[in-house]
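Okay, here's what each chain looks like letter by letter:
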Amino acid sequence: MGCSRLPPSASMSALVFGFLVLSGLPEFAAAVTRHYTFNITLHNVTRLCQTKSIISVNGRFPGPPIVAREGDRVVVKVVNKVSNNVTIHWHGIRQLRSGWADGPAYVTQCPIQSGQTYTYNFTITGQRGTLLWHAHISWLRATLYGPIIILPRSNESYPFPKPHKEVPIIFGEWWNADPEAVISQALQTGAGPNVSDAYTINGLPGPLYNCTSKSKDTYKLKVKPGKTYLLRLINAALNDELFFSIANHTLTVVEGDASYVKPFDTDVLLITPGQTTNVLLKTKPHFPNSTFLMAARPYFTGQGTFDNSTTAGILEYVHPTKLPPSSSQNNLPLLTPTLPPVNPSATGFVTNFTRKFRSLATAKFPANVPQTVEKRFFFTVGLGTVPCPKNMTCQGPNNGTKFSASVNNISFALPSVSILQAYFFGQNGVYTTDFPTYPPVPFNYTGTPPNNTNVSNGTRVVVLPFNTSVELVMQGTSIIGSESHPLHLHGYNFYVVGQGIGNYDPNKDPANFNLIDPVERNTFGVPAGGWVAVRFQADNPGTCMVHALPLGCPHKLGLEDGMDRTGWTATQSEVTTPTH
């Protein structure tokens with residue numbers, strides 16, 4: 001059986017995971033249905049003095065926002081008018097009983113073929129803040145992405161002062177080449193992909209690159225003195241964690257991944273691919289006679305090449321009276337921020353920054369972290385190798401191997417039928433239920449690597465009873481160099497109860513777990529040469545997955561050759577299928 005149209009409703013007895021400037025927002029009534037149409041088309045865009053055709057939604061880059069309130073139902077009809085297969089993932093949406101709408105190709109659905117449509121139908125439950133949508137097949141998300149803005153219910157307010165204006169700030173990456181050609185070449189040779197030519201803020205690279213102008217190629221945020229702005233920060237970059245700062249301004253962090261946090265101030269923040277962070281920007285009380293650079297550049301911990309450049313926008317204050325020509329904004333001094341170094345020497349800053357995130361843990365916004373654990377999993381994540389095909393020269397660690405990412409030494413094998421469809425129809429042979437819950441061969445994970453670095457391939461899942469409380473420890477490895485691995489859990493939020501550098505110690509480290517107010521997220525970086533422990537309740541039916549987002553190596557992207565992921569199942573749940 002290949003990919004097919006599913007019946008109008010369905011029940012399932014198991015839950016399968018696979019590791020695999022906005023202003024004037026409308027005042028929405030409570031719990032309504034929001035309809036959107038996404039036309040996937042080609043249109044020409046010029047960046048860095050080069051014009052090329054990109055795949056976009058409704059001819060916009062970045063794509064249009066999804067705006068709704070907590071409790072609203074969202075229906076998005078996607079019409080594929082390009083030759084590429086497409087899916088859209090609603091990154092961070094819980095998808096309670098709507099697993100068919102999650103979007104990862106061959107996990108919860110088969111791709112939307114050229115000339116076809118697919119309707120995503122989901123309800124936003126218990127979430128408010130900022131998330132993102134993006135393509136979830138190959139590297140189409142290089143240009144197919146946009147914000148999801150979830151407002152509180154109409155009779156509720158933010159747990160912080162109401163801002164004067166709300167502004168999405170979306171970080172991305174730009175390739176002069178076709179990103180599909182970049183990933184195709186990398187998968188064929190087994191090497192890391194060619195790095196991007198620029199980072200972007202709201203689709204624009206900024207003035208620090210060659211062949212860019214401050215007027216056309218730079219995002220400008222215009223603000224008034226003495227006001228508070230809510231900046232909805234989104235990292236839609238494919239590969240890199242990014243530092244961000246605004247010169248001479250302090251930001252107050254109030255939310256991460258659509259979950260409120262205890263507010264804290266920072267001059268610099270780190271945002272991982274797939275993460276969102278809401279911050280309050282309090283402008284200066286009077287016109288400052290300066291403009292201010294907003295800059296982002298990578299935090300890189302691996303051994304390969306990376307885009308060592310800086311994207312920038314400009315924060316401009318609106319003068320209460322019109323400035324004379326001699327005092328225009330272009331003549332004002334431009335102040336620049338100080339960002340941490342791009343290399344692993346910034347790891348101390350990163351660790352301290354991520355530990356500042358704490359849930360509100362109030363009666364209205366509780367931290368429902370599982371206090372007891374029924375199932376424990378220990379997964380190693382990192383780079384290994386696979387042999388080069390016969391009569392072919394590869395560009396992995398040596399010319400006889402390719403790079404391949406894995407969890408517990410297993411690299412995900414892409415099926416030809418979506419896992420959720422296979423489960424629903426009882427189709428055998430698509431996946432197996434024997435994923436190892438611990439590494440098959442223990443070793444010194446952050447020390448001297450083993451001699452054999454080969455990984456195996458498979459589409460394997462773990463079976464869980466419904467509503468099981470789960471603790472998952474993700475351990476980074478140094479098999480082929482240590483690097484940070486962003487971890488994303490589809491269909492769920494998790495609580496980050498612990499993290500550390502070196503090898504996880506199950507006898508000592510749990511004593512330091514935060515079970516009171518741990519941050520609740522859907523994406524978190526496994527530290528380079530370290531580990532992270534998360535807990536969650538397996539209470540959501542549907543095929544979901546945990547995977548490491550790409551950081552430099554295509555074999556971490558997964559839908560081509562080896563996303564770090566595996567799968568799980570839980571009983572006594574129901575899920576309905578989408579309309580097409």
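This text gives an overview of the structure that appears in the document. (Residues numbered from 1 in each chain as written. Predicted model: local features only at pLDDT ≥ 70, side-chain atom pairs only at ≥ 80, totals over all residues. Heavy atoms only, no water.)

## Digging into the layout of surface pockets
For clarity, the cut-off: A cavity here means a set of 1 Å grid points, computed over protein atoms only, where a 1.4 Å probe fits but cannot escape. A pocket is an open set with protein on both sides within 12 Å along at least 5 of 7 lines, and lining residues have an atom within 4 Å of a point. Grid points are joined across faces, edges and corners, and a volume is the space filled by probe spheres set on the points. Helix and strand assignments come from DSSP, with helices taken as H or I runs of at least 4 residues and strands as E runs of at least 2, each series counted from the N terminus. The residue classification treats Ala, Val, Leu, Ile, Met, Phe, Trp, Tyr, Cys and Pro as nonpolar and Asp, Glu, Lys and Arg as charged. All others, Gly included, are polar.
The computed volume of the largest pocket comes to approximately 510 Å³. What lines the largest pocket is a set of 24 residues, among which Gly 126, Pro 366, Asn 368, Tyr 495 and Glu 520 lie closest to the centre. Mapped by element, the contributors of at least two residues to the lining of the largest pocket are strand E17 (259–266), strand E30 (494–501) and strand E33 (530–538). Sorting elements by how many residues they give to the lining of the largest pocket places E33 first, with three residues. Here the residues of the lining of the largest pocket are counted per class, giving ten nonpolar, eight polar and six charged.

## What about the nonpolar core?
What counts, and what does not: What makes a nonpolar core is a set of buried Ala, Val, Leu, Ile, Met, Phe, Trp, Tyr and Cys residues whose side-chain atoms join them at distances within 4.5 Å. Accessibility here uses a 1.4 Å probe with only protein chains present; expressed as a share of the type maximum, an area under 20% marks a residue as buried, one over 50% as exposed, and anything in between as partly exposed. Residue contacts are defined here by distance: any two heavy atoms, one from each residue, within 4.5 Å place the two residues in contact.
Among the nonpolar cores identified, the biggest contains 76 residues, and Phe 171, Leu 231, Leu 233, Phe 244, Ile 246 and Leu 315 are the most heavily contacted of them. Excluding residues within four positions of it along the chain, Leu 233 makes contact with Ile 169, Phe 171, Phe 244, Leu 269, Ile 271, Gln 275, Thr 276, Thr 277, Asn 278 and Val 279. Counting residues in each nonpolar core, the second largest holds 33 residues, with Val 82, Trp 90, Trp 133 and Ile 148 among its members.

## Observations concerning the pattern of salt bridges
Once their charged atoms are close, side chains differing in charge can pair, the charge on each being opposite to the other. Stated formally: Any Lys or Arg side-chain nitrogen located within 4 Å of an Asp or Glu carboxyl oxygen qualifies as a salt bridge.
Applying the stated criterion across every chain yields a total of twelve salt bridges. Arg 153 is the partner of Glu 70 in a salt bridge, and the nearest nitrogen-oxygen pair spans 3.9 Å. Here Glu 70 is found in the loop between strand E5 (66–69) and strand E6 (73–80), whereas its partner Arg 153 is found in the loop between strand E10 (145–151) and strand E11 (165–174), with 83 residues between them in sequence. Looking at Glu 70, the relative accessible area reads 7%, which means it is buried. Across the salt bridge formed by Asp 517 and Arg 358, the nearest N and O atoms sit 3.2 Å from each other. Of this pair, Asp 517 sits in the loop between E30 and strand E31 (520–521) while Arg 358 sits in the loop between helix H2 (347–354) and strand E23 (375–387), and the two are 159 residues apart along the sequence. In this structure Asp 517 comes out as buried when scored by relative accessible area, which is 10%.

## Notes on the pairing of strand E15 (residues 241–246)
Let me state the cut-off plainly: In short, DSSP must find at least two bridges between two strands for them to pair.
For E15, the buried fraction is high: six of the six residues fall into the buried class. Of the two faces of E15, the one lined by Glu 241, Phe 243 and Ser 245 and the one lined by Leu 242, Phe 244 and Ile 246 are each fully buried. Strand direction decides the pairing type here: E15 and strand E20 (residues 291–299), joined by six bridges, are antiparallel. What sits directly across from Ser 245, in E20, is Ala 295.

## Re the side chain of Thr 468
Within the element layout of this structure, Thr 468 appears in strand E28 (residues 468–476). We classify Thr 468 as buried; its relative accessible area is 3%. If sequence neighbours within four positions are ignored, Thr 468 has contacts with Glu 374, Lys 375, Phe 536, Gln 537 and Ala 538.

## Quick notes on the state of the cysteines
Simply put, the disulfide is a covalent bond whose two ends are the sulfur atoms of two cysteines. Heads up, the rule is: When the sulfur atoms of two cysteines come within 2.5 Å, that pair is taken as a disulfide.
Scanning the model with the defined rule gives two disulfides in all. Note on cysteine connectivity: Cys 388 is disulfide-linked to Cys 394, with sulfurs 2.0 Å apart. As the torsion about the S-S bond is roughly 80°, the Cys 388-Cys 394 disulfide counts as right-handed. Pair check on accessibility: Cys 388 and Cys 394 agree, each one buried.

## Re empty space enclosed by the protein
Its volume calculated, the largest cavity comes out at about 200 Å³. Glu 241, Leu 270, Val 350, Thr 354 and Gly 525 are, among the 19 residues lining the largest cavity, the residues nearest its centre. Where the lining of the largest cavity is concerned, the elements lending two or more residues are H2, E30 and strand E32 (523–526). Per-class residue counts for the lining of the largest cavity are nine nonpolar, eight polar and two charged.

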